[in-house]
Amino acid sequence: MNLGDYLKDKKIGFWFSIAITILFLLSGILYLAIAPGLSEYVRFAEMVVSMGFLTFVGVFSIVGAVISIVLIATKQYKFLGYTQFAFALLGFVFFVYASFQYIFEMFVGIEITFAEMSPAFVVMGIFFLITLIASIANVFLKQTADNKVVEVAHE
């Protein structure tokens, strides 16, 4: 089987799955690279950093990418959208949970102004949000073309 034969019956959902897998990898690697610099933006920063919670958030993305690659390689498209959604949701929720105090203070204006917001924090939030939105859409998209012919019985 060559690559052309493998890709010929793929629908838009499959390409969304590939894009989400790439987003998972990018966001996981970027998050793990900049997580130590984000410690000032998380609640209970000392406890969270000592527990490795920031690393845990990035690991969701990388594990999501690995599982996506395995599901694509084994042609388990039925579960691909749901699995990607679950990992995107968990990554986003844990990102927000780890930094909700910072987000709350930013929006309420208690201590931090919008101009003081870390660009790295914004980029990571955007990556997690885009991945989540794309994975929600992907749940409803077809991964492959249905080649089944349905015959309607005429009476």
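A quick note: this is a predicted structure, and the numbers were derived from the prediction, not measured. (Residues numbered from 1 in each chain as written. Predicted model: local features only at pLDDT ≥ 70, side-chain atom pairs only at ≥ 80, totals over all residues. Heavy atoms only, no water.)

Description of the side chain of Thr131
Phase 1 of the analysis: Tracing the sequence through the fold places Thr131 in helix 6 (residues 119-139).
Phase 2 of the analysis: Dropping the residues within four chain positions of it, Thr131 is found in contact with Ile20, Leu23, Phe24 and Ala88. (Helix = DSSP H or I, 4+ residues; strand = E, 2+ residues; numbered from the N terminus. Contact = heavy atoms within 4.5 Å.)

Some remarks on the nonpolar core
Phase 1 of the analysis: Judged by nonpolar contacts, Ile20, Phe24, Phe60, Ala65, Phe87, Ala88, Leu132 and Ala134 together constitute the single largest core of eight residues.
Phase 2 of the analysis: Apart from residues no more than four positions distant in its own chain, Phe87 is found in contact with Phe24, Phe60, Val63, Gly64 and Ile67.
Phase 3 of the analysis: Counting seven residues, the second-largest nonpolar core is a separate cluster that includes Tyr31, Val57, Met117 and Phe121. (Core = buried A, V, L, I, M, F, W, Y, C linked by side-chain atoms within 4.5 Å. Buried < 20%, exposed > 50% of the residue type's maximum accessible area, 1.4 Å probe, protein only.)

Some details on the environment of Ser135
Phase 1 of the analysis: Summarising the element assignment, Ser135 is placed in helix 6.
Phase 2 of the analysis: What makes Ser135 buried here is its relative accessible area of 0%.
Phase 3 of the analysis: A sequence separation of 48 residues divides Ser135 from Phe87, and the C-alpha atoms of the two residues are 9.1 Å apart.
Phase 4 of the analysis: Here Ser135 is in contact with Ile20, Gly81, Gln84, Phe85 and Ala88, once residues within four sequence places are set aside.
Phase 5 of the analysis: Engagement of the side chain of Ser135 in a polar contact is seen with the backbone oxygen of Leu132, the distance being 2.8 Å. (Polar contact = N/O pair within 3.5 Å; in protein donor to acceptor, adjacent residues only side chain to side chain.)

So, helix 6
Phase 1 of the analysis: The terminal C-alpha atoms of helix 6, which comprises 21 residues, lie 30 Å apart, in line with the 30 Å expected from a rise of 1.5 Å per residue.
Phase 2 of the analysis: Phe121, Met124, Gly125, Phe127, Phe128, Thr131, Leu132, Ala134, Ser135 and Asn138 are the residues of helix 6 that are buried. (Expected span 1.5 Å × (residues − 1).)

A closer look at the packing of aromatic side chains
Phase 1 of the analysis: This model, assessed by the stated rule, comprises five aromatic pairs.
Phase 2 of the analysis: A centroid spacing of 5.1 Å and a plane angle of 80° characterise the contact between Phe14 and Trp15, whose relative ring orientation is edge-to-face.
Phase 3 of the analysis: With relative accessibility at 2%, the residue Phe14 sits in the buried group.
Phase 4 of the analysis: For Trp15, a relative accessible area of 41% gives the class partly exposed.
Phase 5 of the analysis: Of the aromatic side chains, those joined through ring pairs into one cluster are Phe14, Trp15 and Tyr77. (Phe/Tyr/Trp six-rings, centres within 6.5 Å; stacked < 30°, edge-to-face > 60°.)

Section: the confidence of the model for the chain
Phase 1 of the analysis: Scored by pLDDT, the chain comes out at a mean of 75, with 65% of its residues at no less than 70.
Phase 2 of the analysis: Between residues 44-48, whose pLDDT stays under 50, and residues either more than four places distant or in other chains, the model counts five contacts.
Phase 3 of the analysis: In this model, residues 147-152 is a region of pLDDT below 50 whose contacts with residues beyond four sequence positions or in other chains number one contact. (pLDDT = per-residue confidence, 0-100.)

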